[in-house]
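Examination of the molecular architecture
For reference, the chains in residue letters:
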Protein chains: 2
Amino acid sequence: METTHREDRLGAAERRRRELLEAAERVVLRDGPGASMNAIAAEAGITKPILYRHFGDKGGLYRALAARHTDALVDSLRAALDAPRDRRERVEAALDTYLAAIEARPQVYRFLMHPAEEPGGDRGFDVGQHSAPLLRRLGEELATVIAERIELGPEGEERARVWGHGIVGMMHAAGDWWLRERPCPRERLVRHLADLLWGGLVTADDRAGGPGF
Amino acid sequence: METTHREDRLGAAERRRRELLEAAERVVLRDGPGASMNAIAAEAGITKPILYRHFGDKGGLYRALAARHTDALVDSLRAALDAPRDRRERVEAALDTYLAAIEARPQVYRFLMHPAEEPGGDRGFDVGQHSAPLLRRLGEELATVIAERIELGPEGEERARVWGHGIVGMMHAAGDWWLRERPCPRERLVRHLADLLWGGLVTADDRAGGPGF
DNA sequence: ATCCATTTGTTACTAGCGGTAACAGAAGTA
DNA sequence: TACTTCTGTTACCGCTAGTAACAAATGGAT
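Residues numbered from 1 in each chain as written. Chains lettered and ligands numbered in written order. Predicted model: local features only at pLDDT ≥ 70, side-chain atom pairs only at ≥ 80, totals over all residues.

Going by what an unreviewed UniProt entry lists, chain A is known as TetR family transcriptional regulator and is assigned to Streptomyces glaucosporus.

Written as structure tokens, this is what we have:
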């Protein structure tokens, strides 16, 4: 049958694609975000042009690779935010989910966030257009959740988006710093960040002897 | 005189260095962060090896170029935070200072924050070690200010650093998003962010019909 | 069986990158 | 005049992303 045949072929192509993505992931995990197309092709047991046939260019491979993790992370964050608990507990759960993810697979998330890095004179895993699509995506997702769940009055939409991107940025920057310096256990970082969002900056007292921050 | 001579030479070298940096800045502003060493050398009217003699490698040139803007920005942020006004006004002034800066010279700050970008098939302006030293620097600076000015009880230092990096990340991510989408005037973005830091997330009511965020 | 289209794979190349070695003059010093 | 130091060049290396051109296998259709 013609249809069956074509589905087989498509199925085969998709299976191949998955194999290639898994090879790429292995290389990225081993060599860091600066992995070269040659190295990835070699790991997959083939040569470069095949990679380009499947993904177009390096940005395409990056996007395909990023999409999996991004989707997985977004799903678990949504789950954390949807749990039937009070607001503070949910925010802490979301923060903890994100931080646990970057703690468990630092290379993956460094790759997602900072496409070009690593000391070894690399040219970087260039995204093409955006520097960190994951951040923007997370920001938009959180904005949606906020807008859906919280009554923010006039300018509510706008506020929700600002807050979404702002909170995600806060989480990311703090996580990045924490991952490098490891100054405290995760739970304490989560608590500090939640405290900040809970108005810690307003309720804290000025230090004696100064005009206050 | 020997000393005079040596000072002349040093002065000449430093003047040269400034010329090169200005050429580099022109190219970065024109071509984006992916500017090549060749292009910069050409703009300065010389050839590559001279650049390398002055700055070691591309990271060195990046750092030298970044240091100027970073210092300038840090100074104005410190000034905003040191003004004799109440805490909220100072936070808003700092946010506004940062956002005004990235609004006035977007290319410069995109270059500082996202060393590798631009669609035109570039290899990126690789920093070498850090992806965005400016962010980390700002985070540490803010942490210092917070620790100096606010009484945070036990774990105060740790809290201050988390908050410093978190707030800077929030500012950066929101600014990045705002710069691309321009969804509202700057002052409103500033107000939204300050509201968030002032516990907007806690005081806002749940939306009717849902379990709340 | 044969012809044909499609897919999978290769080798060999381009253009450009960051970075360097080797060499040529100019300038001041002894 | 001889020596050192600095500025500048050309010509290269090894690497990268990306592509063109060609070979072979696969699986219908006639």
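**Some words on the overall build of chain A**
Scanning chain A from terminus to terminus reveals 10 helices and two strands. Reading the secondary structure of chain A in the N-to-C direction produces α-α-α-α-α-α-α-β-α-α-α-β. Out of the 213 residues in chain A, the part that is buried amounts to 39%. Considering only residue pairs separated by 6 or more positions, chain A has 55% of its internal contacts joining residues 24 or more positions apart. (Helix = DSSP H or I, 4+ residues; strand = E, 2+ residues; numbered from the N terminus. Buried ≥ 20, exposed ≤ 12 C-beta atoms within 10 Å, placed from the backbone. Contact = placed C-beta atoms within 7 Å.)

**Here we look at unusual backbone geometry**
Of note, the phi angle at Glu155(A) is positive, near 60°, even though the residue is not glycine. The class of Glu155(A) is partly exposed, set by 13 C-beta atoms lying within 10 Å.

**Focus on the protein's contact with DNA strand C**
The environment of DNA strand C is formed by 20 residues, the closest being Thr47(A), Pro49(A), Ser36(B), Asp57(B) and Lys58(B). Secondary structure elements with two or more residues in the surface near DNA strand C: helix 1 (2-31) and helix 3 (48-55) of chain A together with helix 2 (37-44) and helix 3 (48-55) of chain B. Ranked by the residues each element gives to the surface near DNA strand C, the list is headed by helix 1 of chain A, at four residues. Of the residues contributing to the surface near DNA strand C, the split by class is eight nonpolar, five polar and seven charged. (Near = placed C-beta within 6 Å. Nonpolar A, V, L, I, M, F, W, Y, C, P; charged D, E, K, R; others polar.)

**A look at helix 6 (residues 106-113) of chain A**
By the criterion of burial, helix 6 of chain A is predominantly enclosed, with six of the eight residues buried. By the burial criterion, the buried members of helix 6 of chain A are Val108(A), Tyr109(A), Arg110(A), Phe111(A), Leu112(A) and Met113(A).

**Here's the deal with the UniProt feature "domain: HTH tetR-type" (unreviewed entry) in chain A**
As recorded in UniProt, the feature "domain: HTH tetR-type" (unreviewed entry) lies at residues 14-73 of chain A. The span residues 14-73 of chain A shows a helical share of 83% and a strand share of 0%, and its end C-alpha atoms are spaced 23 Å apart. (UniProt positions renumbered as here; feature names shortened; annotations may be inferred.)

**So, the UniProt feature "DNA-binding region" (unreviewed entry) in chain A**
Following the UniProt record, one finds the feature "DNA-binding region" (unreviewed entry) at residues 36-55 of chain A. Note that residues 36-55 of chain A is 80% helix and 0% strand, and that its end C-alpha atoms are spaced 14 Å apart.

**Some details on the packing of helix 9 (residues 186-197) of chain A against helix 8 (residues 156-181) of chain B**
Two elements in contact, helix 9 of chain A and helix 8 of chain B, have axes whose closest approach is 10 Å; the angle formed by their N-to-C orientations is 65°. The two elements helix 9 of chain A and helix 8 of chain B cross, and the hand of that crossing is right-handed. Of the residues in helix 8 of chain B, those touching helix 9 of chain A at Leu189(A), His192(A), Leu193(A) and Leu196(A) are Arg159(B), Val162(B), Trp163(B) and Gly166(B). Split into classes, the residues belonging to the contact of helix 9 of chain A with helix 8 of chain B amount to five nonpolar, two polar and one charged. (Axes fitted to C-alpha atoms, helices over the stretch in contact; angles between N-to-C directions. Left-handed = near helix turned anticlockwise from the far one by under 90°.)

**Here we look at the packing of helix 2 of chain B against helix 3 of chain B**
Residue and element names in this part refer to chain B. Relative to each other, helix 2 and helix 3 sit at 100°, their axes nearing to 8 Å. Relative to helix 3, helix 2 is oriented roughly perpendicular. Mapping the contact onto sequence places Met37, Asn38, Ile40 and Ala41 in helix 2 and Lys48, Ile50 and Leu51 in helix 3. (Parallel < 35°, antiparallel > 145°, perpendicular 65-115°, else oblique.)

**Observations concerning the environment of Ile40(B)**
All names here are of chain B. For Ile40, the location among the structural elements is in helix 2. On the basis of neighbour count, Ile40 is assigned to the buried category, with 25 C-beta atoms found within 10 Å. When near neighbours in sequence (up to four residues on either side) are disregarded, Ile40 contacts Ala23, Ala24, Val27, Ala35 and Leu51.

**A short note on the environment of Glu187(B)**
Turning to its location among the elements, Glu187(B) is positioned in helix 9 (residues 186-197). We classify Glu187(B) as exposed; it has 12 C-beta atoms within 10 Å.

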